[in-house]
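Take a look at the letters that make up each chain.
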Amino acid sequence: MGIDGFKKIKGRKRTALVDVLGLVLKCYVGAANQADVKAAPCVLLSYLEMHERMAKILADQGYQGNLEEDLEAVYGVEFEVVTHKRRGFSVQAKRWIVERTWAWLDNNRGLSRDYERLAENYEGMVYAAMIRLMLRRLENNRRRWKKEDA
């Protein structure tokens, strides 16, 4: 637990790696006062070790630093930080995919508040909520067979 000085909130900060559909590939939960740049290697490095086929990673301005050069040199992955074009609110490219994922997860009752004592348990709840979401999608897309009258 920590206090994020920028957003003036206390609690936990969630960092996630999602695919183009918005499905969570890897998640990390840390203290709110932890910088995004410090949380990114916990998510990215373990995932890139297992999956070599990733070609490009988009990130917001919170992930600026030398992480870009390290990922490109070691893993050959293009790391692009999306910057604001003007002052004030501006829509960032592909940022809505991650925000939509957080909206899906916030609809889960267990993730609406911070009930868990350990950050690892909260991570597990994120994965369980995502599994539940994917199973509901699979179930709704399945053809239903009507019972024949005997």
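Because the structure is predicted, anything quoted here is derived from the model rather than measured.

Cut-off values and rules
Residues numbered from 1 in each chain as written. Predicted model: local features only at pLDDT ≥ 70, side-chain atom pairs only at ≥ 80, totals over all residues. Heavy atoms only, no water. Helix = DSSP H or I, 4+ residues; strand = E, 2+ residues; numbered from the N terminus. Buried < 20%, exposed > 50% of the residue type's maximum accessible area, 1.4 Å probe, protein only. Contact = heavy atoms within 4.5 Å. Areas by Shrake-Rupley, 256 points an atom, 1.4 Å probe, with all protein chains shown as cover. Expected span 1.5 Å × (residues − 1). Arc of directions from axis to C-beta. Patch = residues over 30% accessible without salt bridge, like charges linked within 9 Å, V, L, I, M, F, W, Y side chains within 5 Å. Salt bridge = Lys/Arg side-chain N within 4 Å of Asp/Glu carboxyl O. Lys, Arg positive; Asp, Glu negative; His and termini not counted. Charge placed at Lys NZ, Arg CZ, Asp CG, Glu CD. Polar contact = N/O pair within 3.5 Å; in protein donor to acceptor, adjacent residues only side chain to side chain. Pairing = 2+ DSSP bridges. Right-handed = clockwise from strand over helix to strand, strands pointing away. Phe/Tyr/Trp six-rings, centres within 6.5 Å; stacked < 30°, edge-to-face > 60°. Lys NZ or Arg CZ within 6 Å of the ring centre and 35° of its normal.

A. Spatial organisation of the overall build of the protein. Along the protein, the regular secondary structure elements total five helices and five strands. Tracing the protein from N to C terminus, the helices and strands come up as β-β-β-α-β-α-β-α-α-α. Each of the 150 residues in the protein was classed as buried or not, and the buried ones make up 31%. Taking as baseline every contact in the protein between residues at least 6 positions apart, the subset at least 24 positions apart corresponds to 45%. Summing over all exposed atoms, the protein offers an accessible surface of approximately 11,200 Å²; the carbon and sulfur share of this is 52%.

B. Structural context of helix 3 (residues 95–106). Here helix 3 contains twelve residues, and its C-alpha end-to-end distance of 17 Å stays within 8% of the 16 Å for a straight helix at 1.5 Å per residue. Along helix 3, the residues that are buried comprise I97, V98, T101, W102 and L105. Taken end-on, helix 3 shows its buried residues confined to a sector of 135°, consistent with a single buried face.

C. Main features of a negative patch on the surface. Residues E68, E69, D70, E72 and E78 make up a contiguous surface patch of negative charge. In terms of residue count, the dominant contributor to the negative patch is helix 2 (residues 67–74) (four residues). If you trace the backbone, E78 turns up in strand 5 (residues 78–81). Judged by relative accessible area, E78 falls into the partly exposed class, the value being 42%.

D. Main features of the side chain of T101. You can see T101 is positioned in helix 3. Polar contacts involving the side chain of T101 include one to the main-chain carbonyl oxygen of G22, which spans 2.6 Å. Once residues within four sequence positions are removed from consideration, T101 is found in contact with V18, G22 and V24.

E. Here's a closer look at the pairing of strand 5. The side-chain alternation of strand 5 yields one buried face, formed by F79 and V81, and one unburied face, formed by E78 and E80. Pairing between strand 4 (residues 56–59) and strand 5: four bridges, direction parallel. By the bridge assignment for strand 5, I57 is matched with F79. Handedness of the strand 4-helix 2-strand 5 crossover: right-handed.

F. Region of interest: a nonpolar patch on the surface. Among the surface-exposed residues, I131, M134, L135 and L138 lie close enough to one another that they form a single nonpolar patch of about 380 Å² accessible area. Here L138 shows up in helix 5 (residues 119–141). Accessibility expressed as a relative area gives 58% for L138, which makes it exposed.

G. Main features of the packing of aromatic side chains. With the rule as written, the count across this model stands at zero aromatic pairs. Cation over ring: R137 sits above W104, and NZ or CZ is 4.2 Å from the ring centre.

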